[in-house]
Amino acid sequence: MNKGGGMKKMKYVVVTGGVVSGLGKGVTASSIGVLLKACGFRVTSIKIDPYLNTDAGTMSPFEHGEVFVLDDGGEVDLDLGNYERFLDIKLTRDNNITTGKIYQAVIDKERRGDYLGKTVQVVPHITDAIQEWIERVAMIPVDGQPGPADVCVIELGGTIGDIESMPFTEALGQFSYRVGAGNFCLVHVSLVPVLSAVGEQKTKPTQHSVRGLRSLGLTPNILACRSTLALEENVKQKLSQFCHVPAENIINLYDVPNIWHLPLLLRDQKAHEAILGVLNLLGIAREPNLKEWTSRAELCDKLHEPVGPSKFQFSYLATVAMFCLRFMYLNHELQIRIAIVGKYTGLSDSYLSLLKALLHASVSLRKKLVVDWIPASDLEDETAKENPDVYKAAWKLLRGSDGVLVPGGFGDRGVEGKILAAKYARENRIPFLGICLGMQIAVIEFARSILGLQDANSTEFDPDTKDPCVIFMPEGSKTHFGGTMRLGSRRTYFQVMDCKSAKLYGNRGFIDERHRHRYEVNPDMVSRLEDAGLSFTGKDETGQRMEIVELPNHPYYIGAQFHPEFKSRPGKPSALFLGLIAAACDQLDSLLHAHKIPNGMAKKISLCQNGNATKFAKIPTDGIYSNCNGVHA
């Protein structure tokens, strides 16, 4: 409701977790944001991570899941990806607070003498720094509109009672008094388990968690109880009585078919009224409008509902009729199998944004997505010798796929397997998308197979290769790994408009996508590769960095140096993922036809780009304008 500064004071919703980790605090916080946004409020988000790292950039995906990259180059927790996807906002690196960042800021102030000789302590200096950080970042607009948001949703990572999160719980306790009553709402996410031996929902873990929360100076306004099934009424009453929370403020987050149902679950239980009541916003809120969100969640359910015999017993005729209906449904909504050939396939959170981007694209095209995880090393000859069954199973999955996706990664394990997957997709005309390292291995494979350069490689994996197709960036650092990559939003200019990638992006002259890499295609090899048939359709402003590569005579074979998955949204699928799914289900031609370049425009743009790359030349064609760098005006 803030129309450029209409509201007097920022409102804060803090989400904490108790009993166990992994309850879904991030998705809960995101869903609260969606619900408040549907009520007409502008929302921003902050994630607090109690670890000592200054950011997530140097963490192993196996330990912490994917590293999500923001426009400003911030390497942050994957929950910020949930916030951006759910709320369709663009956050900053400062929206992710870590213990490392806070302590570093305080120590820097101490070294400058800002504390005037005082003894620097956790209280008040660290706790004050946390509160000041929250207040400062909450005011940064993240939705493209001027002025601060109305509500800031803050998620405290970890579990209440953790040693490392103590300064943050103390700071938030002080913060609740600092901002005043009516401006602070605490939502505590807890677990209500069912013990198999007893068969009833147990409230004691939540009682203990709330008691611990109160002992730390925080009083929950709302309980969000995670459970397998809906809470029984007597359980809710018991929680209300022992946790001192009104029954209407106890929300049940039971298991749902997909996470897009969570905002709807919150709405159906009037969670928005409970939150807005605490924040004194009920009088200016509208009824939540989640029509589009509901349609998408229901469509996703329909596409992924199990097909097969019903658990109920039917007569023979009813069973036959049901089978026929199911068969017709399957022919209408085809299943699409995408093979992800990667290094971190043992933990799906390592590729969370990839999965979301694939889901956004498949739901948009009304297709049921099935992901086959293939560890890249399982495709290699070494595995064939050591474990032939694993080798055969991996190749069977690859051959059964409708599309192949090779994601980014670091290190040489599985690289040869990724190259084999790219070769299989190229030779068998299977739709292929390579991202970051996936693009680089596609170039290496092409150089080996088509140019006959058997030694072709990346200097990351073979520093002494005679044919370096991929090289270390000139400005990179090999000694400091945190924040030294090419990070964040960078501009890519299309070199030709009559290509699949340009059409998928709506025939724009340039695009802005997020990067995270240290190595890039060797510009000295580009002319040889292009002469052999590989087309570098997207480059940076210097023309020296290869951003997009395509095989023009292939149904869909595209590599991108950037990470398009980071900007995919439920209602706005990433263009390259949309192209992959469309190609996998033979709908690419109709999709590209929707973005067909007007007659003569491709030639004019090509002449413009091949001429002076710095001079503007407006080409009016159906409202599309381009400059000589491909700038879409």
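This text goes with the structure placed above it.
Note that the structure is predicted; figures quoted are calculated from it, not measured.

Novice: Help me understand the overall build of the chain, please; the structure alone is not making it clear to me.
Specialist: Check the secondary structure of the chain and you find 22 helices and 21 strands. For the chain, the residues scored as buried account for 55% of the 633 residues in total. Long-range pairs, those at least 24 residues apart, make up 72% of the contacts in the chain with a sequence separation of at least 6. With an accessible surface of roughly 27400 Å², the chain has 53% of that area assigned to carbon and sulfur atoms.

Novice: Before we go on, may I ask you to explain the environment of Asp114 in this structure?
Specialist: Along the chain, Asp114 falls in the loop between helix H4 (99–112) and helix H5 (122–138). By relative accessible area, Asp114 is classed as partly exposed at 40%. Side-chain polar atoms of Asp114 contact the side chain of Arg112, separated by 2.9 Å.

Novice: Explain the packing of helix H16 (residues 415–427) against helix H17 (residues 437–449) here, please?
Specialist: In a pair of packed helices, the angle between the axes and the distance between the axes together describe the arrangement. It is at 9 Å that the axes of H16 and H17 come closest, and there the two elements cross at 70 degrees. As far as their axial angle goes, H17 and H16 are roughly perpendicular. Relative to H17, H16 is oriented so that their crossing is right-handed. Within the contact between the two elements, H16 uses Val415, Glu416, Lys418, Ile419, Ala422, Lys423 and Arg426 and H17 uses Leu437, Ile441, Ala442, Ile444, Glu445, Phe446, Arg448 and Ser449. Partitioned by chemical class, the residues of the contact of H16 with H17 number eight nonpolar, one polar and six charged.

Novice: What is the right way to look at the packing of aromatic side chains in this model?
Specialist: The description of two aromatic rings rests on the distance between their centres and on the angle between their planes. This model, assessed by the stated rule, comprises eleven aromatic pairs. Ring centres 4.6 Å apart and planes at 20 degrees place the aromatic pair Phe432 and Tyr557 in the stacked group. Within this pair, whereas Phe432 is found in strand S13 (residues 432–435), its partner Tyr557 is found in strand S21 (residues 557–560), the two being separated by 125 residues in sequence. Aromatic side chains Phe472 and Tyr519 sit 5.1 Å apart centroid to centroid with 75 degrees between the ring planes, which places their arrangement in the edge-to-face category. Remark: Tyr519 occurs in strand S18 (residues 519–521) and Phe472 occurs in strand S15 (residues 468–472); sequence separation between them is 47 residues. Residue Tyr519 is classed as buried on the basis of its relative accessible area, which comes to 13%. Chaining the aromatic ring pairs together yields one cluster made of Tyr12, Phe175 and Phe184. Over the aromatic face of Trp133 sits the side chain of Arg136, whose NZ or CZ is 4.9 Å from the ring centroid.

Novice: Please clarify how the nonpolar core should be interpreted in this entry.
Specialist: For soluble globular proteins, the rule of thumb is that nonpolar side chains tend to be buried together. Counting 53 residues, the largest nonpolar core has Val13, Ile32, Leu36, Val187, Trp260 and Ile275 as the members making the most contacts within it. In contact with Ile32, other than residues within four places in its own chain, are Val13, Val15, Val153, Val187, Leu266 and Ile275. Core analysis: the next-biggest nonpolar cluster, separate from the first, contains 43 residues, Ile374, Ala376, Phe432 and Ala456 among them.

Novice: What exactly am I supposed to notice about empty space enclosed by the protein here?
Specialist: Left-over empty space is what a probe sized like a water molecule reveals as it rolls over the atoms. Under the counting rule described, the total for this entry stands at three cavities of 30 Å³ or more. What lines the largest cavity is simply Gly409, Phe410, Cys436, Leu437, Gln440, Glu460, Arg516, His517, Arg518 and Tyr519. Among the secondary structure elements, those contributing two or more residues to the lining of the largest cavity are H17 and strand S17 (510–517). The residue makeup of the lining of the largest cavity, split by class, is four nonpolar, three polar and three charged. Looking at the second largest cavity, its volume works out to about 50 Å³. As for the second largest cavity, its lining consists of Thr28, Ile32, Val187, Ile222, Ala224, Ile251, Leu266, Ala271 and Ile275.

Novice: Is there a simple way to think about the pairing of strand S16 (residues 486–494) in this case?
Specialist: Each regular strand carries side chains that alternate between the two faces of the sheet. Where S16 and S17 come together, eight bridges link them in antiparallel fashion. Pairing of Arg490 across the sheet is with Glu513, part of S17. One ladder, built from two bridges, connects S16 with strand S19 (residues 535–539); its direction is antiparallel. Each bridged residue has a counterpart across the sheet, and for Phe494 the counterpart in S19 is Gly538.

Novice: Where do I start with the side chain of Thr492 in this structure?
Specialist: Assignment of secondary structure puts Thr492 in strand S16. With relative accessibility at 0%, the residue Thr492 sits in the buried group. Filtering out sequence-adjacent residues up to four positions away, Thr492 remains in contact with Gly509, Phe510, Ile511, Gly538, Lys539, Glu547, Ile548 and Phe562.

Novice: Looking at this model, I keep getting lost on the sheet that holds strand S9 (residues 250–254). Mind explaining?
Specialist: Within a sheet, each strand pairs with its neighbour through backbone hydrogen bonds, oriented either parallel or antiparallel. The sheet built from seven strands is open, its strands ordered S5-S2-S6-S1-S7-S8-S9 with parallel pairing. In this open sheet, the two strands that pair with only one neighbour each are strand S5 (96–98) and S9. With strand direction ignored, the average angle separating the axes of adjacent strands in the sheet is 20 degrees. The sheet contact formed by strand S1 (residues 11–17) and strand S6 (residues 151–156) spans five bridges and is parallel. Across the sheet, the residue bridging to Val13 is Val153, located in S6. Against the sheet, helix H7 (residues 204–215) touches S1, strand S7 (184–191) and strand S8 (222–227), its axis set at about 145 degrees to S7.

Novice: Would you mind showing me how to read H7 here?
Specialist: One turn of an α-helix holds 3.6 residues; hence residues three or four places apart share an orientation. Counted at 1.5 Å a residue, the expected span for H7 with its twelve residues is 16 Å, and the 17 Å between its end C-alpha atoms agrees. Considered for burial, the residues of H7 that qualify are Thr206, Gln207, Ser209, Val210 and Leu213. Down the axis of H7, the buried side of the element spans an arc of 165 degrees, and every buried residue falls inside it. Among the structural elements, S1, S7, S8 and helix H8 (233–243) are those in contact with the buried residues of H7.

Conventions we followed
Residues numbered from 1 in each chain as written. Predicted model: local features only at pLDDT ≥ 70, side-chain atom pairs only at ≥ 80, totals over all residues. Heavy atoms only, no water. Helix = DSSP H or I, 4+ residues; strand = E, 2+ residues; numbered from the N terminus. Buried < 20%, exposed > 50% of the residue type's maximum accessible area, 1.4 Å probe, protein only. Contact = heavy atoms within 4.5 Å. Areas by Shrake-Rupley, 256 points an atom, 1.4 Å probe, with all protein chains shown as cover. Polar contact = N/O pair within 3.5 Å; in protein donor to acceptor, adjacent residues only side chain to side chain. Axes fitted to C-alpha atoms, helices over the stretch in contact; angles between N-to-C directions. Parallel < 35°, antiparallel > 145°, perpendicular 65-115°, else oblique. Left-handed = near helix turned anticlockwise from the far one by under 90°. Nonpolar A, V, L, I, M, F, W, Y, C, P; charged D, E, K, R; others polar. Phe/Tyr/Trp six-rings, centres within 6.5 Å; stacked < 30°, edge-to-face > 60°. Lys NZ or Arg CZ within 6 Å of the ring centre and 35° of its normal. Core = buried A, V, L, I, M, F, W, Y, C linked by side-chain atoms within 4.5 Å. 1 Å grid on protein atoms, 1.4 Å probe; cavity = no way out; pocket = protein on both sides within 12 Å on 5 of 7 lines; lining within 4 Å. Points joined across faces, edges and corners; volume = space filled by probe spheres on them. Pairing = 2+ DSSP bridges. Expected span 1.5 Å × (residues − 1). Arc of directions from axis to C-beta.

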